[in-house]
Amino acid sequence: SGMTFVITGTLPNLDRKQAAEMVEINGGKVSGSVSKKTTYLLAGENAGSKLTRAEALGIPIISEAEFIEMVKE
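Rules used in this analysis
Residues numbered from 1 in each chain as written. Predicted model: local features only at pLDDT ≥ 70, side-chain atom pairs only at ≥ 80, totals over all residues. Heavy atoms only, no water. Buried < 20%, exposed > 50% of the residue type's maximum accessible area, 1.4 Å probe, protein only. Helix = DSSP H or I, 4+ residues; strand = E, 2+ residues; numbered from the N terminus. Pairing = 2+ DSSP bridges. Right-handed = clockwise from strand over helix to strand, strands pointing away.

A. Just the pairing of strand β1 (residues 4–8), in detail. The buried fraction of β1 amounts to five of the five residues, a majority that puts the element mostly inside the structure. Taking every second residue as pointing to the same face, both faces of β1 are buried, with Thr-4, Val-6 and Thr-8 on one and Phe-5 and Ile-7 on the other. Examined bridge by bridge, β1 and strand β2 (residues 29–31) share three bridges and lie parallel to one another. Note that in β2 the partner of Thr-4 across the bridge is Lys-29. Once the chain exits β1 it traverses helix α1 (residues 16–25) before rejoining the sheet at β2, and the crossover so formed is right-handed. Bridge count between β1 and strand β3 (residues 40–43): four bridges; the pairing is parallel. What sits directly across from Phe-5, in β3, is Tyr-40.

Structure (structure tokens):
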């Protein structure tokens, strides 16, 4: 709750819309771009420039599996 996620790349089991709905159901926000306000970058295959930006800003990068574990809690 209260976290901001950016979703990038191709996730193994979820599409971006499903992942975004899971974030919002749990009280978080989804942003289209990485900034200092981003809490986590949810990264799949071929993540690209958003991944590079998150690394530069020191934002934690999580996989789909880590995201699902987070949502379960």
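There's more to say after this.
B. Focus on the pairing of β3. Residues Tyr-40 and Leu-42 of β3 are buried on one face, and the alternating residues Leu-41 and Ala-43, pointing to the opposite face, are buried as well. Here β3 runs beside strand β4 (residues 61–62); their pairing, made up of two bridges, is parallel. Across the sheet, Leu-42 pairs through a bridge with Ile-62, a residue of β4. One crossover worth recording links β3 to the parallel β4 by way of helix α2 (residues 49–57), and it is right-handed.

C. The sheet that holds β4, seen in detail. Read across the open sheet, the four strands follow the order β2-β1-β3-β4; overall the sheet is parallel. For this open sheet the edge positions go to β2 and β4, each flanked by a neighbour on one side alone.

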